Amino acid sequence: MTDKNPIWKFFVSIRLTVVLLLSLAATSVIGTLVPQNANPEAYFHQYGAFFYRLFDILNIFDMYHSWWFQLLLLLLICNIVACSIDRLAATWKVIFPKETTFKLSTFQKLKQKESFTDSRRPEELEKEFTAVFTRQFGPPKIEKTDQGFSLFAEKWRWTRLGVYIVHSSILFLIAGAMIGSMFGFDGYVNIPEGERADHVQIRNTGRSQHLGFEIQCNKFSLSTYKNGAPKEYRSSLTILENGKPVLTKDIIVNDPLRYKGISIFQSSYGEMTPERTEKHMFSPDDIQLAFFVKASGMVYKRTAEIGKPLEIPEGMGKFVVMEFVESASFMGQNIGAALVGILTPVSGDPAQVTLPIEFPNFDKMRKGDVVISVIHQHEKQPQDKKPKNVQYYTGLQVVKDPGVWVVYSGFMVMIAGIVITFFMSHQRLCVDVSRKGNKSRIMVAGTANKNKLGMGIKAEKLARLLGKPEK
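Residues numbered from 1 in each chain as written. Predicted model: local features only at pLDDT ≥ 70, side-chain atom pairs only at ≥ 80, totals over all residues. Heavy atoms only, no water.

Participant: So what about the packing of aromatic side chains? Which residues, and what values?
Facilitator: According to the stated counting rule, one finds 19 aromatic pairs in the structure shown. Centre to centre, the rings of Phe-10 and Phe-11 are 5.1 Å apart; their planes meet at 75°, and the pair counts as edge-to-face. Ring centres of Phe-213 and Tyr-259 lie 5.1 Å apart, and the angle between their planes is 90°; on these two criteria the pair is classed as edge-to-face. In this pair, Phe-213 sits in strand 6 (residues 208-224) while Tyr-259 sits in strand 9 (residues 257-259), placing the two residues 46 residues apart along the sequence. Each member of the pair, Phe-213 as well as Tyr-259, carries the same accessibility label: buried. Lying over the aromatic face of Phe-137, Lys-155 brings its terminal NZ or CZ to 4.7 Å of the ring centre. Here Lys-155 stacks its cationic end above the ring of Trp-156, 4.9 Å away from the centre of that ring. (Phe/Tyr/Trp six-rings, centres within 6.5 Å; stacked < 30°, edge-to-face > 60°. Helix = DSSP H or I, 4+ residues; strand = E, 2+ residues; numbered from the N terminus. Buried < 20%, exposed > 50% of the residue type's maximum accessible area, 1.4 Å probe, protein only. Lys NZ or Arg CZ within 6 Å of the ring centre and 35° of its normal.)

In structure tokens, the structure reads:
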């Protein structure tokens, strides 16, 4: 079949296996060096306009969901299946022969065998030897010979399938990973105490995922050490279907709530002070920006308007505020309200800049010649008073991975396959008794497809039980 069909010959090639494994290893290294699913702005600043576009086209920033990575996995599946089928035919005939054959000459040619004599005749030894053989190895097949008799038995033929069991476990692992990649999601949501949410934000994609049910945060509690560091934070959550509660559980870190294949983890928390909850905490109609020029060390304050270009002092280029967003995302985290603008330097490509209202030093990460920040001050409160009506919100990581049980099954199958492959073998044992004058000549020999030394020790032990071997 392989000689006539070039497609089949391609898929059963060991070279293809090596190439695919090396390709997957190389892409895994790339996935380690290039952070996956980060903010596009961070990629733009780190790699520049050209490499950003190139990597974006090749899906390097979300490599494990790219079409070409999925194609590599699919080719590896086809390769494993084809190689297994191609080699299984010969193995199948050994495991399930049409007729069990016994060739005494095969055992007589073995180097590792035990021989000794017994003063009794073969017919006197048959019953005793059969009983010992059965206890030590299993019921033997008895064949009469001209000079006496032979005992033969074998076990664990099926262990030759161990390598194929390992192959099938790899298929489980790959299939589980692909199922999780295509049909699962990893999102987050912040829910204030007493409020509900039925959508989560998918990390670094800008899209939301409907859950099909609601999550309500009943209460959030925080315990701290003496130095004020968080000791434990706990969320009391209720799952609601059609407005009716169906499940309530307190969750802490590493102790999630699971419902309908979705796992809800305690991820973070924060305070919802009155200043943070006011919708008009910042007015897009009154934008005050600060420009820090690194070369001169000067800070310039300017008033900007949405959509109107603004000249940056010292001839450093132009900046235009494009929009105001109430909830911006960076590296999968909500950084609150922010301005989004385009910076056009004197030399170089334009860059998109995100300016969070609450984090004035955020733009320093861009490492540009000009650092831009939003001038925004909250109403000051008396020093001797704490903010009133402080409300917590709980940060939840919401994960769905429908392929996880396929992956777990793959691991269990792999463990079974490894045990069978490395610790079990197809064993065959033979005892031949032949007349030598008034005595009997006994030969004990065993063979196995793996661990031949161990099988030799087992044959030696049987020989010692049957009689005293000659030195």
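Here the narrative resumes, following the displayed structure.
Participant: Before we move on, can you summarise helix 9 (residues 404-423) with the specific residues and values?
Facilitator: With 20 residues, helix 9 ought to run about 28 Å at 1.5 Å a step, and its terminal C-alpha atoms sit 28 Å apart, in line with that. Residues of helix 9 that are buried include every one of Val-407, Gly-410, Gly-417, Ile-420 and Thr-421, and no others. Around the axis of helix 9, the buried residues are gathered within 140° of arc, so they sit on the same side. In helix 9, the exposed positions angled more than 90 degrees off the buried face are occupied by Trp-405, Met-412, Ile-415 and Phe-423. (Expected span 1.5 Å × (residues − 1). Arc of directions from axis to C-beta.)

Participant: Can you break down helix 7 (residues 162-183) residue by residue, with the values?
Facilitator: End to end, helix 7 covers 31 Å across 22 residues, agreeing with the expected 32 Å (1.5 Å per residue, within 8%). Here helix 7 has its buried residues at Gly-162, Tyr-164, Val-166, Ser-169, Leu-173, Ile-174, Gly-176, Met-178, Gly-180 and Ser-181.

So yeah, pure geometry; function would need other evidence.
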